[in-house]
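Here is what each chain is made of, one letter per residue.
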Amino acid sequence: MLFGSNRTYIYLDNAATTPLCDAAAEAMAPYMKAAPDGAFGNANSLHSIGREAFSELEDARVRVARALGAQRPDEIVFTSGATEADNAAIIGMALAERDRRRLRGNAALGRVVMSRIEHHAVLHSAAMLKRLGFEVDFVDNDASGHIGVEALERVMREDTVLVSIMAVNNEVGTVLDTAALAKTAHRHGALFHVDAVQALGKIPFDVGALGVDAASFSSHKVGGPQGVGIMYLKTRTPFVAYMTGGGQERGMRSGTQNIAGILGCAAAVEHAVALQPAFAERATKLRDSLYQELCSLPKVSATVRLESGEFAPHIVNVCVSGMESQTMILQLDLRGFCVSGGSACSSNSLDPSHVLSALGVKRNLAQGSLRISFGEITDEADVASFVEAFKEVVS
Ligand code: PLP
């Protein structure tokens, strides 16, 4: 339950964004006050106010590195969000690795491999790479979004410089086997990037143990502020920065750091990682009972087959035949529930999302898809009252 400006509502759209957690709000508070009480230093200034901000920034970096399993704090680069982290990692690693191979006399065109169920932040980075002369290929997934090592083996080639496959799909919650996929990419000499936005705080996720070269995270999906993200870049990974300027973040991402946001992000990341096992246990029960309730209704089916593999605890996705996502979202909103759909609404058409298309969900069914996603404050009562409202809307 949450309290809005003029009503209470039940927020079940935590895969889109989450409310700020207490730890993040407290960490940001000193930087959100007006002068003369507020903190405001530029972490790159030499005077004491700047040095104070610098020391808070570096402390946040150490804490984030520890929470994510990085070997060293300087493997953490703060960005404006996961979209920027995805773009920077994919474009920056692909360009650097292609250049490195060319210097060694290997003139083959660079090639990048990714899945079809990636977020647009990854897919559109690939589109940019194509314009830069790269070849982009896709690895096949099954009807629930899982990708086997054999499927990746089939598309790997000698000229593949980079593989990018997400850890948890943001629409249907599929959990991919990051460790095995990264190992496969490495066996073929390619670098491996993972978009881990929906994995953080939801499943155990340790960049060091998983053996990835780069990973992207978003603060606002784990109770931190919007507009802050993290790029993990393993030491000595080839990388060229596309955000150039004053050389902040050791030249990997220029621009004055958003200290308030970064402090909030660090507090939220630590909080989410510490709570992950308890959250996963609680949310899995909510997920399974919600799937059971919804799928017992006529016209409603689960978008993925839960028996087919591992799924994240916080995402439920169903398709309602004969209904449109937008209608259901607005009807549920009128009843005080926030959820989202799987269709992108353009001016005249209801296009099913690229993820549902890649899973092979039929167009008319995909148009009636609904995503319900849990957060730290979701409880059984929220889910029970959602089921009642959903029944009214689809009956
Ligand atoms: N990647 C995934 C899997 C996401 O779910 C999102 C957000 O929806 C993003 C990337 C983009 O994150 P941000 O909003 O921080 O740019």
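See the structure printed just above.
First, a word on scope: everything that follows refers to the structure included in this document. As the structure is a computational prediction, the values presented were derived from the model and not from experiment. (Residues numbered from 1 in each chain as written. Predicted model: local features only at pLDDT ≥ 70, side-chain atom pairs only at ≥ 80, totals over all residues. Heavy atoms only, no water.)

1. Here's the deal with the site of the ligand
Near the ligand lie 13 residues; those nearest to it are Thr83, Asp195, Ser218, His220 and Lys221. At 2.9 Å, a side-chain N or O of glutamine 198 approaches an oxygen atom of the ligand. Take lysine 221: an N or O atom from its side chain is 2.6 Å from an oxygen atom of the ligand. If the ligand stood free it would expose 390 Å²; the protein chains cover 86% of that surface. Top element by residues in the shell around the ligand is helix H3 (residues 82-103). It accounts for three residues. Looking at the shell around the ligand, its residues break down into three nonpolar, seven polar and three charged. (Near = heavy atom within 4 Å. Polar contact = N/O pair within 3.5 Å; in protein donor to acceptor, adjacent residues only side chain to side chain. Areas by Shrake-Rupley, 256 points an atom, 1.4 Å probe, with all protein chains shown as cover. Helix = DSSP H or I, 4+ residues; strand = E, 2+ residues; numbered from the N terminus. Nonpolar A, V, L, I, M, F, W, Y, C, P; charged D, E, K, R; others polar.)

2. A few points about the packing of aromatic side chains
For the structure on display, the rule yields three aromatic pairs. Ring centres 6.0 Å apart and planes at 80 degrees place the aromatic pair phenylalanine 205 and phenylalanine 217 in the edge-to-face group. Separated by twelve residues along the polypeptide, phenylalanine 205 in the loop between strand S7 (191-195) and helix H7 (207-210) and phenylalanine 217 in strand S8 (residues 214-218) bring together distant segments of the chain. The burial state of phenylalanine 205 is the same as that of phenylalanine 217; both residues are buried. Ring geometry for phenylalanine 337 against phenylalanine 386: centres 5.9 Å apart, planes inclined by 70 degrees, an arrangement best described as edge-to-face. (Phe/Tyr/Trp six-rings, centres within 6.5 Å; stacked < 30°, edge-to-face > 60°. Buried < 20%, exposed > 50% of the residue type's maximum accessible area, 1.4 Å probe, protein only.)

3. Side note on the sheet that holds strand S6 (residues 160-164)
Strands sit in the order S3-S9-S8-S7-S6-S4-S5 across an open sheet of seven strands; the sheet is mixed. Across the chains shown, the open sheet's two edge strands, defined by having one partner strand only, are strand S3 (76-79) and strand S5 (135-139). Here the average twist between neighbouring strands, direction ignored, is 20 degrees. In terms of strand pairing, strand S4 (residues 111-115) meets S6 through four bridges, oriented parallel. Looking at the pairing, methionine 114 lines up with serine 164 of S6. Together, S3, S4, S6, S7, S8 and strand S9 (229-233) form the strand contacts of H3, whose direction differs from that of S6 by roughly 165 degrees. Against the sheet, helix H4 (residues 120-131) touches S4, S5, S6 and S7, its axis set at about 160 degrees to S4. (Pairing = 2+ DSSP bridges. Axes fitted to C-alpha atoms, helices over the stretch in contact; angles between N-to-C directions. Contact = heavy atoms within 4.5 Å.)

4. Regarding the nonpolar core
In terms of nonpolar packing, the biggest core is built from 96 residues, with Phe217, Leu294, Phe386 and Phe390 touching the most fellow members. With 15 residues, helix H8 (residues 259-295) is the single largest residue contributor to this core. There are two domains that each give this core at least three residues, and those are domain 1 (2-19 + 276-394) and domain 2 (22-270). Those residues within four positions of leucine 294 in sequence are excluded, and the remaining contacts are Val300, Val316, Val318, Ile372, Phe386, Val387 and Phe390. (Core = buried A, V, L, I, M, F, W, Y, C linked by side-chain atoms within 4.5 Å. Domains from an automatic or database assignment.)

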